[in-house]
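Structural overview for review
One letter stands for each residue in the lines below.
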Amino acid sequence: MTTPATSQPTRHTDKYSLPTRIFHWIGALLIIVAFVIINIGDEYISLHKSIGASFFIWTVLRIINRFVVKAPPHPPMPKWQTAIAHLTHLGLYVAMLAMPITGMLMSMYGGRGVSVFGLFSLPSVVGIDREMAKVMNGLHTGAVFYVLVFLVIAHVGGALYHQFVMKDNLISRMK
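Residues numbered from 1 in each chain as written. Predicted model: local features only at pLDDT ≥ 70, side-chain atom pairs only at ≥ 80, totals over all residues. Heavy atoms only, no water.

Here we take up the pattern of salt bridges. Counted according to the given criterion, the structure contains 1 salt bridge. Between Glu-131 and Lys-134 there is a salt bridge; the shortest N-O distance is 3.6 Å. Of the two residues, Glu-131 and Lys-134 are both situated in helix α4 (residues 130-166); the distance of 3 residues between them amounts to about one turn of the helix. In this pair, the class of Glu-131 matches that of Lys-134, namely exposed. (Salt bridge = Lys/Arg side-chain N within 4 Å of Asp/Glu carboxyl O. Helix = DSSP H or I, 4+ residues; strand = E, 2+ residues; numbered from the N terminus. Buried < 20%, exposed > 50% of the residue type's maximum accessible area, 1.4 Å probe, protein only.)

Right, dumping it as structure tokens:
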């Protein structure tokens, strides 16, 4: 899309609110740190759980923010792209809730607590059930993990497509 006076691509630089940008980038950082820590070794499982529980709380607050703070308008794009963007974001929110929930349930069903940085422990909401612990482990390290990775890649890919192919400066909205 071009503006009549300049014949330059239209730039859509309406930013997300500062709290929304903080939720976005700290959430991304928490995902990366949780992934790195669990891959360093099992001796860091308590730290991984603390980060996961923190990420769950962070995501709930982020969702509340999403309903309270209005997002800037989308740049012009075909309706099918807007629909895919909405579905990707919805999927990301579901996966960002499911990942820590399945991890916490895995621990609780396994009879292990979830301590948050040694400050407090989450109360167990389920009884010990080793089979359910295995199911939650399979979801946490399998299906939910792969869905989250796929959606993050789709999200980043879409942002990069807009930035470098469409050249609509979409990424500046989250800076």
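Further remarks concern the UniProt feature "domain: Cytochrome b561 bacterial/Ni-hydrogenase" (unreviewed entry) in the protein. Mapped onto this numbering, the UniProt entry annotates "domain: Cytochrome b561 bacterial/Ni-hydrogenase" (unreviewed entry) at residues 16-174. This span, residues 16-174, is 72% helix and 4% strand, and a straight line between its end C-alpha atoms measures 6 Å. (UniProt positions renumbered as here; feature names shortened; annotations may be inferred.)

The next subject is unusual backbone geometry. Trans peptide bonds make up the majority, and among non-glycine residues the majority have a negative phi. Backbone geometry places Lys-167, a non-glycine residue, at a positive phi of 55°. Note that Lys-167 resides in the segment after α4. Lys-167 sits in the partly exposed class, given a relative accessible area of 46%. Phi at Asn-169 is positive, roughly 60°, even though this residue is not glycine. Mapped onto the elements, Asn-169 comes out in the segment after α4.

What follows concerns the nonpolar core. The biggest cluster of nonpolar side chains holds 14 residues, and the ones touching the most others in it are Ile-51, Met-96 and Leu-148. Contributing elements (two or more residues each) for this core: α1 (18-40), α2 (45-68), α3 (79-109) and α4. A per-element tally of this core places α3 first, with 5 residues. One finds Ala-53, Met-104, Val-114 and Val-116 within the second-largest nonpolar core, a separate group that totals 5 residues. (Core = buried A, V, L, I, M, F, W, Y, C linked by side-chain atoms within 4.5 Å.)

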